[in-house]
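# Tertiary structure, described
Spelled out from the first residue to the last, the chains are:
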Amino acid sequence: MIAATATYAAAATEAAAQSQPLVLNNQLQLGDVVAGQTLNVVDASDQVTVSNSAVGVSLAGGSDGHDALVVSTQEMRGDTRARVDLTLSGDTGGRVTVANQARGTYLGATVDSAEIAIDAAQTTTGQVRATTNIGEDNARLLAGGTIATGAIGNTVAVGGDQVGVLMGLDQRAEGSVRASTFVATQYIPAEAEVSSQALANAVQTSGNVASTQRMGVRQRSTGALVEAATSANAGNAWDLAGRANAGANQIVVGNQGGSIVVETDQGNTSDVRAASVVTAYDYGKATSYARAAANEVQAGNNDRYVEIDNTQLNSGGVEASARFAGTQGYDVYLGADAVGNTITGYACSTCTAYMDATNSQTNNGDVTATVSGAVAGQGRAVIGSATATGNSATFYVSRPGG
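For the structure given in this document, a descriptive report is provided here. (Residues numbered from 1 in each chain as written. Predicted model: local features only at pLDDT ≥ 70, side-chain atom pairs only at ≥ 80, totals over all residues. Heavy atoms only, no water.)

## Description of the environment of Ser385
Positionally, Ser385 belongs in strand S22 (residues 381-398). Ser385 sits 145 residues away from Leu240 along the chain, and the two C-alpha atoms are 18 Å apart. Leaving out residues up to four positions away in the same chain, Ser385 has contacts with Leu334, Gly335, Ala336 and Val371. (Helix = DSSP H or I, 4+ residues; strand = E, 2+ residues; numbered from the N terminus. Contact = heavy atoms within 4.5 Å.)

## A short note on unusual backbone geometry
Backbone geometry places Asp43, a non-glycine residue, at a positive phi of 50°. As for its placement among the helices and strands, Asp43 is situated in the loop between strand S2 (33-42) and strand S3 (48-64). A positive phi angle is found at Ser113, which is not glycine, with a value near 55°. Relative to the helices and strands, Ser113 resides in the loop between strand S7 (96-112) and strand S8 (114-124). By relative accessible area, which is 43% here, Ser113 ends up partly exposed. (Buried < 20%, exposed > 50% of the residue type's maximum accessible area, 1.4 Å probe, protein only.)

## Overview of the packing of aromatic side chains
Taken as a whole and judged by the stated rule, the model has 3 aromatic pairs. Here Tyr283 and Phe324 contribute two aromatic rings whose centre-to-centre distance is 5.1 Å and whose plane-to-plane angle is 80°, an arrangement assigned as edge-to-face. Residue Tyr283 is found in strand S17 (residues 271-301), and its partner Phe324 is found in strand S19 (residues 318-348); the two are separated by 41 residues along the sequence. Ring geometry for Tyr346 and Tyr396: centres 5.6 Å apart, planes at 20°, overall stacked. Of this pair, Tyr346 sits in strand S19 while Tyr396 sits in strand S22, and the two are 50 residues apart along the sequence. By relative accessible area, Tyr346 is classed as partly exposed at 26%. (Phe/Tyr/Trp six-rings, centres within 6.5 Å; stacked < 30°, edge-to-face > 60°.)

## With respect to the sheet that holds strand S4 (residues 68-76)
Strand order across the open sheet formed by 8 strands is S1-S4-S8-S12-S14-S16-S18-S20, with parallel pairing between neighbours. The strands lining the two open edges of the sheet, one partner per strand, are strand S1 (22-29) and strand S20 (354-363). The mean angle between the axes of side-by-side strands here comes to 5°, regardless of whether they run parallel or antiparallel. Pairing between strand S18 (residues 305-314) and S20: 10 bridges, direction parallel. Within S20, the residue paired with Gln312 across the bridge is Gln361. (Pairing = 2+ DSSP bridges. Axes fitted to C-alpha atoms, helices over the stretch in contact; angles between N-to-C directions.)

Okay, structure coming up:
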């Protein structure tokens, strides 16, 4: 384990003698892991629901009222691919729901009224890719739909009530991570949401009711590309949204009570791209939004104590682009946000909060955010926003829920 997480990893290992149950996990996947579905649906009177998932290696569990220790090494050397090809012809009467996801490695734990100590390493060297293609020129989605595609290299997710989390974690993503969603339809007289998300490394922890978290996390993304691409298209759409989110390294830590002490070390050399394209000849409301972030940390506690020691280094290019094209309609909303390094920390202002933050951010890559809108005929409003930031740090105290 590297220096940034050595203190927490050592503490987690020391807890082995005292914590039960004990999980010792060593997983290695050498070959490719592939999940795919090809469906042809004509004039469905009810809903169409598709779930598709490919995971290289996975460890999941939980503990209720018993302290636990997890010592885990996970490595995915092959490619991970998830693909959905869904042809919708004619009328689809019910809502269309598609969830398509590819993950290299995954570690998840749910703990209630107990402490969990985690000493973990995750490495993905192969490519992780999720692809979704939906529709046909005469497809009519009468009840709208939610179509989501996700590709994540390495994932850790921990949460619970009255939980104490002690974690040392090292994540490395060495291959490209790509998520793409393409939807083509004739008519959508309802809300439709089309999204893509690509993350090389992701950590999410949450605690409710007097929880505490103390962790050290190191993340490295060195693959050629982390890309999320969304294309949502309709001849006539009442409320159509396309969203794309791409990130190399992401850490999200949240508490509703107790304390947070976190040491984070993120480094990225990958190019990070998010692109959203929405087209509709006739439209009521159209939204196209893209967000790209190389390194991101969020640490928030609706209680009194937060301590953060953050280091971020980015040398990859970061690009977010959002585009819309249509002929006649009402309102268009365009947004693109791109950032090299970003951190947000907050604590509760009504709790006599204490916050100690140490922050170091270096960005050597180009950061670009663009929006483009074209209405060939008549429209009511076009609202666009583009923001590009090299380094961003925000620390504040607020009222719970504020």
